[in-house]
Amino acid sequence: MEKNLELTSSPHAPHIIMLENVRKTYGMQGEAVQALKGVSLTIKQGEYVSIMGPSGSGKSTCMNIIGCLDRPSAGTVLINGQNTAQMNERDLSRLRNETVGFVFQQYHLLPSMTVLENVMLPLRYQGLDTRKRRELALAVLEQVSLTDRMKHYPSELSGGQKQRAAIARAVAANPKIVLADEPTGALDSDTGALVLAMFADINRRGTTVILITHDSTVAAQAMRRVRILDGSIAEDFFAEGNHD
Ligand SMILES: Nc1ncnc2c1ncn2[C@@H]1O[C@H](COP(=O)(O)OP(=O)(O)OP(=O)(O)O)[C@@H](O)[C@H]1O
Ligand SMILES: [Mg+2]
């Protein structure tokens with residue numbers, strides 16, 4: 001496994017994500033569920049990693065911890081060199097807003113805002129004026145070919161358009177990490193392929209991409225494939241030369 005890690009595209013890239021013996025236990029009061037049972041995972045800046053595993057194996061729990069939405073019950077988590085286990089909520093959300101962009105299966109766009117307003121949202125943490133935020137949002141909307149839908153509300157878009165808007169929102173603030181939890185799960189295969197091409201493009205620009213999926217065709221998009229079984233990493237596999 002150690003050897004595989006050294007094969008990544010850029011051998012001297014810094015570790016953007018380090019999980020060491022991470023445990024997560026839910027429901028301490030009633031029946032405790034051990035969702036992660038000692039996960040160690042090191043990911044370098046610029047890697048493209050897929051995470052596979054059966055339902056309930058701990059994928060989303062792992063993503064929430066990497067994405068600074070949650071903290072581990074035990075173990076060490078360093079995101080962009082910062083130890084999240086010791087952070088308060090405020091510092092954790094600051095690290096999240098500065099470092100991570102999220103894409104979900106069900107898009108999670110705010111229904112009362114237009115596409116443009118949704119994409120401008122993550123930029124509000126950057127201390128930019130409205131004009132600059134609008135400019136940046138328009139640029140990413142152009143990248144996902146949604147300029148002509150920017151004044152529309154999410155309910156007026158197709159599934160693929162919603163997911164493209166969600167991707168634009170995730171990358172608007174130029175995060176170091178993009179985390180996607182089943183981003184193609186609700187899409188037909190052609191639209192899913194288009195969305196995957198966008199993640200490949202985002203990764204080519206140097207962003208670390210982590211893609212959670214139960215679909216092995218989708219997972220094959222990533223050079224590195226991690227499999228989680230029952231709260232533990234069962235496989236961490238680096239596919240050489242199988243990347244466009
Ligand atoms: N907030 C919570 N409280 C209690 N148990 C939880 C909570 N979130 C997740 N779990 C439990 O932790 C385990 C891992 O859940 P997780 O959501 O990480 O799985 P998953 O791999 O993402 O599954 P899926 O493919 O169905 O999305 C499951 O047994 C789940 O029931
Ligand atoms: Mg999940």
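If you're wondering where the values come from, they're calculated on a predicted model, not measured in any experiment. (Residues numbered from 1 in each chain as written. Chains lettered and ligands numbered in written order. Predicted model: local features only at pLDDT ≥ 70, side-chain atom pairs only at ≥ 80, totals over all residues. Heavy atoms only, no water.)

A. Looking closely at the nonpolar core. Grouped together as the largest cluster of nonpolar side chains are 36 residues, with contacts concentrated most on Val103, Val119, Leu141, Ile167, Phe199, Ile202 and Leu211. Elements supplying a minimum of two residues to this core: helix H4 (115-120), helix H5 (130-143), helix H6 (159-171), strand E7 (177-181), helix H7 (189-204) and strand E8 (208-212). When residues in this core are grouped by element, the largest group, six residues, is from H6. Residues in contact with Ile167, not counting those within four places in the same chain, are Val103, Val195, Met198, Phe199 and Ile202. Core analysis: the next-biggest nonpolar cluster, separate from the first, contains 29 residues, Val49, Ile65, Ile79 and Val100 among them. (Core = buried A, V, L, I, M, F, W, Y, C linked by side-chain atoms within 4.5 Å. Buried < 20%, exposed > 50% of the residue type's maximum accessible area, 1.4 Å probe, protein only. Helix = DSSP H or I, 4+ residues; strand = E, 2+ residues; numbered from the N terminus. Contact = heavy atoms within 4.5 Å.)

B. Main features of the site of ligand 1. Residues in close proximity to ligand 1 include Tyr26, Val33, Ala35, Pro54, Ser55, Gly56, Ser57, Gly58, Lys59, Ser60 and Thr61, which together make up its full environment. Within the contact set of ligand 1, an oxygen atom lies 3.2 Å away from a backbone nitrogen or oxygen of Ser57. At 2.9 Å from an oxygen atom of ligand 1 is found a side-chain nitrogen or oxygen belonging to Ser60. When ligand 1 sits alone it has 640 Å² of accessible area, and the protein chains cover 56% of it. If you tally residues by element for the shell around ligand 1, the top one is helix H2 (residues 59-66), at three residues. (Near = heavy atom within 4 Å. Polar contact = N/O pair within 3.5 Å; in protein donor to acceptor, adjacent residues only side chain to side chain. Areas by Shrake-Rupley, 256 points an atom, 1.4 Å probe, with all protein chains shown as cover.)

C. Fine view of the confidence of the model for the protein. On average, residues of the protein carry a pLDDT of 91, and 93% of them reach 70 or more. The model gives residues 1-9 a pLDDT under 50, and that stretch makes twelve contacts with residues more than four places away or in other chains. (pLDDT = per-residue confidence, 0-100.)

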